[in-house]
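An overview of the molecular structure
Residues per chain, in single letters:
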Amino acid sequence: MATSSGARKYSSSVGGGGDRPPQPVKFARRTSSGRVVSLSRDEELDLPEEYAAQNDYINYTVLMPPTPDNQPGATSATNVAGDKPDGPTPYRAPSSRFRSESQRIRMGSHGGDEDSGSGDTARKLDRRMSVMKSDNKSMLLRSQTQDFDHNRFLFETKGKYGIGNAFWQQDEDSYDRDTGMSMQDFMDKPWKPLTRKIKTPPEILSPYRLLIMLRMIVLVFFLVWRIKNPNHDAMVLWGLSVTCEIWFAFSWLLDILPKFNPINRMADLAALKDKFESPSPTNPNGRSDLPGMDIFISTADPEKEPPLVTANTILSILAVEYPVEKVAIYISDDGGAILTFEAMAEAVKFGEVWVPFCRKHNIEPRNPDSYFSQKTDPTKNKKRPDFVKDRRWIKREYDEFKVRINGLSEVIRKRCDMYNKNEEMREKKLIKEKNNGVLPSDQKIEVTKATWMADGTHWPGTWFKSCADHAKGDHAGILQIMSNVPESDPVMGGPDEGKLDFTGIDTRLPMFAYVSREKRPGYDHNKKAGAMNALVRASAIISNAPFILNLDCDHYIYNSMAIREGMCYMMDRGGDRICYLQFPQRFEGIDPSDRYANHNTVFFDGNMRALDGLQGPVYVGTGCMFRRYALYGFLPPRSNEYSGVFGQNKAPAKNIQPRSDEEEPLTGHPDLNLPKKFGNSTMFTESISVAEFQGRPLADHISVKNGRPPGSLLTPRPPLDAPTAAEAIAVISCWYEDKTEWGDRIGWIYGSVTEDVVTGYRMHNRGWRSVYCITKRDAFRGTAPINLTDRLHQVLRWATGSVEIFFSRNNALLATRRLKFLQRIAYLNVGIYPFTSFFLVIYCFLPALSLFTGQFIVQSLNIAFLCYLLIITVVLTLISLLEVKWSGIALEEWWRNEQFWVIGGSSAHLAAVIQGLLKVIAGIEISFTLTSKSANEDEDDIYADLYIVKWTSLFIMPLTIVIVNLVALVMGFSRTVYSVIPQWSKLFGGAFFSFWVLAHMYPFCKGLMGRRGKVPTIIYVWAGLISITVSLLWITISPPQGSDATASGGELKV
């Protein structure tokens, strides 16, 4: 390698004697007498006692590869410049990372002349075992104990010889000033990746892929056979069935193709701590060098989202295991309710004792309601003698906290009544003073019924009695710091009489801010997406953490180490290309049978895990860690473009430079243009580059690109001042987004009910990738609706958003070339899956039509049809079993998902498609709302809501399908029995598919029946009687073909 001082010369120990074969490394072992004996049948080795007293040596011989430190060639063919030659000519490197101290001394004593006669000595050193006296013992001991670091080897041998063979450097004791690393750092502490990818075992994945290909081929042959063999006796049935089957095959392909490469990931928390929180030359005090984290919680209505639930979520976040000075928490109250405001103040007050208690006893989970509701033994793995006393005291404090939260509404109303009464008395006094102490009888005293805060001032948000400037959709912006910016150093507690002993426990709380953006009539506030963008701007002014964690108010932190695990992916090599990290959603309070597939494990453990093997999972609205710089609409530092029909041609994407307003776009897709219009806040604009720099991985290795120097985030956060707070208020005003790109390409995207999916799609479209983080202990837990009506309305909202995506410019068909082919298929399926409802409804009615008419979708149940049906069914079953195997879901969960797919597809999905088509074609907005609601009669049953029947128009179609199929079964059976020549094959074909439909509809029927025993027996009796009566009436009107009508009393003639 060329240097400024010219070519360097080395000892002939590097390679002497062109005919000498490469010398083996000799391993030896210590005998019982203490002598070290070579196992290579060579001379005995006299090792220093400090090494001989260690472990026994390994009893095999390793042949060193021909590296620059061990060349078999002659010394004459040396590259003068020190560069690596193109051919097989041997070459030398400046120094070896494994060269011992004695070797360096010998090299120095020979000056630098290669022909100085030191070849014999060098050969003797080469023949000896390369375990010699050195300043570093760790490398030797790792060789003895077989502890070979594979990750280190893979990373450090990429593109050049890495640690383990040879290391090129210009000086013996070089120090890289850019990264702050030297050779000794690598010798003492080997570089470790923070995460690793675990691929699906090939014995599962290979058959899985093979079966998918086999089913694709069989489906093609089956559909061709169906088209070539029509049923001329029932062309309508045949045509409808073939059309539905073709669409089902297409829909199945869209769903199964992105599952070709499912993977798992694992994070190394110990490596994260060693790298960012351990003493080092750049961090002598061991302070945390981790980037900051802003956590967003969104709420809108305290009546629908109880303040106690939100308060428990806040408490779980306050106690998270992350550097306290690096965390900032923001809650967005889009309703501007004083009840939420004061509940959060109470939560912070209780958090002053709850958070140190969690840290002292390592409590999990750190949501107090969930912790005290656990059925397990609370003393398990607890070793402190004062735990029981502390738990008893904190449990009493939490009970009192809950009572205060529950009584807040009444306390606020009484306070407001008192202040309003005082205002009325003051007004009367003023009137009396104006009228010489007399109150006119006709004088009306009008005092605005205001909502008052505890300090005796008007609440700037929504009042109980709405008026101008104090109503929902019309109130000022509010920003209140409820927990100040913590000290940069830990604040240790002490013994406290009457309370807990927090000696040696950090009692600091993270910064917590209450935010309610300004709302005024005439402005489109864009619901949750607008609230999230307001938090993005306010947090950029106050804390400007490079990463943002988004949570719903009912999703609390179940694993206090979850943020650290997520940070492992962001801070690992290549983490600068990750736009967000999605955690799976886990739910509590679901009925044990999971009747309506509320856990949705097939999606979260199957589809999302498979997408992680492509370009990353989709964003699902909560439990997501964002890179702030990616939210701003910028492009990733590196990305690829995929061309060809199937995206098989991969090439690095070109960097796009900023352009002026007068210049034409540099690309053909608007998502690839750089954002410009962030608003008129200079402080916000200046924060963008800071957030981008702080979000980079640590540049502690040559393979880390776009990194930051170690120790660059050790500076404490500056305290808040008045100008900063005023700027934060300004950026949450309702007019700030005018003439900007917020909601268009910056922040959360507007214009869709499912703004989460669109926001993630835009990031993937720019070339970013995302990661799916499944932690061993669930990261977050929340609640989900277990009532059938609520569940269907939830699915309706998702499906409506998908239809909007399909008819918008966010359709995956219009994506850029930076989106992978299979990722494009996955996003295309997001927009297309609701349209399957049309074909699903038709197919659910086909068995009934077959039983009504006495015909079937095929001419007869011949061998070909049955073989195709058997093969397709068996292959699909095997695919499902393998999918269950690699995803880890249970068979019962898979079956529940299949059932609810039919229920939701025939109700909510169909309604969403109709609503979307009416909106696109005619501009008509339709909303499906509840028309009646029954009360909950059993408040002691935690699953009581499961049995509540709330009628909705979404019930009409699935209920019709159930009734029609039940009646058709009775009629088909009666028709066949009363026929002269019964056609049992057609009956069995129609009856089989009818039972298939009814089996999928069973949870829906069970939901309509309510609680067990609540459905009167007369309902079942009347249902049977009506079915028999209708079937007999149908047979009378349309008798079976070939039957002898005279046997029943003659013919009916007209």
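Residues numbered from 1 in each chain as written. Predicted model: local features only at pLDDT ≥ 70, side-chain atom pairs only at ≥ 80, totals over all residues. Heavy atoms only, no water.

As recorded in an unreviewed UniProt entry, the chain goes by the name Cellulose synthase-like protein D1, listed as coming from Fraxinus pennsylvanica. Among the UniProt annotations of the chain, the heading Function (unreviewed entry) holds the following wording: "Thought to be a Golgi-localized beta-glycan synthase that polymerize the backbones of noncellulosic polysaccharides (hemicelluloses) of plant cell wall." One UniProt comment on the chain, placed under Subcellular location (unreviewed entry), says "Golgi apparatus membrane". (UniProt positions renumbered as here; feature names shortened; annotations may be inferred.)

**Observations regarding the sheet that holds strand E16 (residues 556-557)**
Pairing in this open sheet of three strands is mixed, and the strands run E16-E23-E18 from one edge to the other. The strands lining the two open edges of the sheet, one partner per strand, are E16 and strand E18 (587-588). Sheet topology note: the E18/strand E23 (residues 780-783) ladder contains two bridges and is parallel. Bridging from a neighbouring strand, Phe-587 pairs with Gly-782 of E23. (Pairing = 2+ DSSP bridges. Helix = DSSP H or I, 4+ residues; strand = E, 2+ residues; numbered from the N terminus.)

**A closer look at the packing of helix H22 (residues 788-806) against helix H27 (residues 908-921)**
Direction vectors running N to C along H22 and H27 enclose 40°, while the axes themselves pass 8 Å from each other. Comparing the axis directions of H22 and H27 gives the class oblique. Handedness of the crossing formed by H22 with H27: right-handed. Contacts between H22 and H27 involve Leu-792, Val-795, Leu-796, Ala-799, Thr-800, Val-803 and Glu-804 from the former and Ala-908, His-909, Ala-911, Ala-912, Val-913, Gln-915, Gly-916 and Lys-919 from the latter. Residues of the contact of H22 with H27, tallied by class, amount to nine nonpolar, four polar and two charged. (Axes fitted to C-alpha atoms, helices over the stretch in contact; angles between N-to-C directions. Parallel < 35°, antiparallel > 145°, perpendicular 65-115°, else oblique. Left-handed = near helix turned anticlockwise from the far one by under 90°. Contact = heavy atoms within 4.5 Å. Nonpolar A, V, L, I, M, F, W, Y, C, P; charged D, E, K, R; others polar.)

**Examining the environment of Ala-799**
In this fold, Ala-799 is placed in helix H22. By relative accessible area, Ala-799 is classed as buried at 0%. Every residue in contact with Ala-799, bar those within four places of it in the chain, is listed here: Tyr-833, Pro-834, Ala-908, His-909 and Ala-912. (Buried < 20%, exposed > 50% of the residue type's maximum accessible area, 1.4 Å probe, protein only.)

**A short note on the packing of aromatic side chains**
Any aromatic ring pair is given by two values, namely how distant the centres are and how the planes are angled relative to each other. Per the counting criterion, the structure on display carries 49 aromatic pairs. Joined through ring pairs, the aromatic side chains of Phe-222, Trp-225, Phe-856, Phe-865, Tyr-868, Phe-992 and Phe-993 make up one cluster. The positively charged end of Arg-215 is found above the aromatic ring belonging to Trp-252, 4.6 Å away from the centroid. For the cation-ring pair, Arg-777 lies above Tyr-558, with the distance from its terminal atom to the ring centre recorded as 4.0 Å. (Phe/Tyr/Trp six-rings, centres within 6.5 Å; stacked < 30°, edge-to-face > 60°. Lys NZ or Arg CZ within 6 Å of the ring centre and 35° of its normal.)

**Focus on the pattern of salt bridges**
Overall, the coordinates contain 39 salt bridges when judged by the stated rule. Residue Asp-700 pairs with Lys-275 through a salt bridge whose shortest N-O separation is 3.1 Å. Separated by 425 residues along the polypeptide, Asp-700 in the loop between helix H19 (682-694) and helix H20 (722-731) and Lys-275 in helix H9 (residues 269-276) bring together distant segments of the chain. Each member of the pair, Asp-700 together with Lys-275, is buried. A single salt-bridge network, built from bridges that share partners, covers Arg-586, Glu-588, Asp-605, Asp-778 and Arg-781. (Salt bridge = Lys/Arg side-chain N within 4 Å of Asp/Glu carboxyl O.)

**Focus on the UniProt feature "binding site: UDP-alpha-D-glucose" (unreviewed entry) in the chain**
Residues annotated in UniProt with the feature "binding site: UDP-alpha-D-glucose" (unreviewed entry) correspond here to Ser-298, Lys-304, Glu-305, Asp-334 and Lys-527. With respect to the secondary-structure elements, Ser-298 resides in strand E9 (residues 293-299). With sequence-adjacent residues up to four places away left out, Ser-298 is seen in contact with Ser-332, Lys-528, Met-532, Leu-551, Asp-552 and Cys-553. Checked against the element boundaries, Glu-305 lands in the loop between E9 and helix H10 (307-318). Residue classification places Glu-305 among the partly exposed positions, given a relative accessible area of 27%. Once residues lying within four places of it in the same chain are set aside, the contact partners of Glu-305 are Thr-299, Ala-300, Thr-310 and Cys-553. At a separation of 2.6 Å, a polar atom in the side chain of Glu-305 contacts the side chain of Thr-299. (Polar contact = N/O pair within 3.5 Å; in protein donor to acceptor, adjacent residues only side chain to side chain.)

**A closer look at a nonpolar patch on the surface**
Nonpolar side chains collect at one region of the surface, where Leu-870, Val-874, Leu-878, Leu-881 and Leu-891 lie side by side and expose about 440 Å² of accessible area between them. Considering each element in turn, the nonpolar patch owes the most residues, four residues, to helix H25 (residues 863-887). (Patch = residues over 30% accessible without salt bridge, like charges linked within 9 Å, V, L, I, M, F, W, Y side chains within 5 Å. Areas by Shrake-Rupley, 256 points an atom, 1.4 Å probe, with all protein chains shown as cover.)

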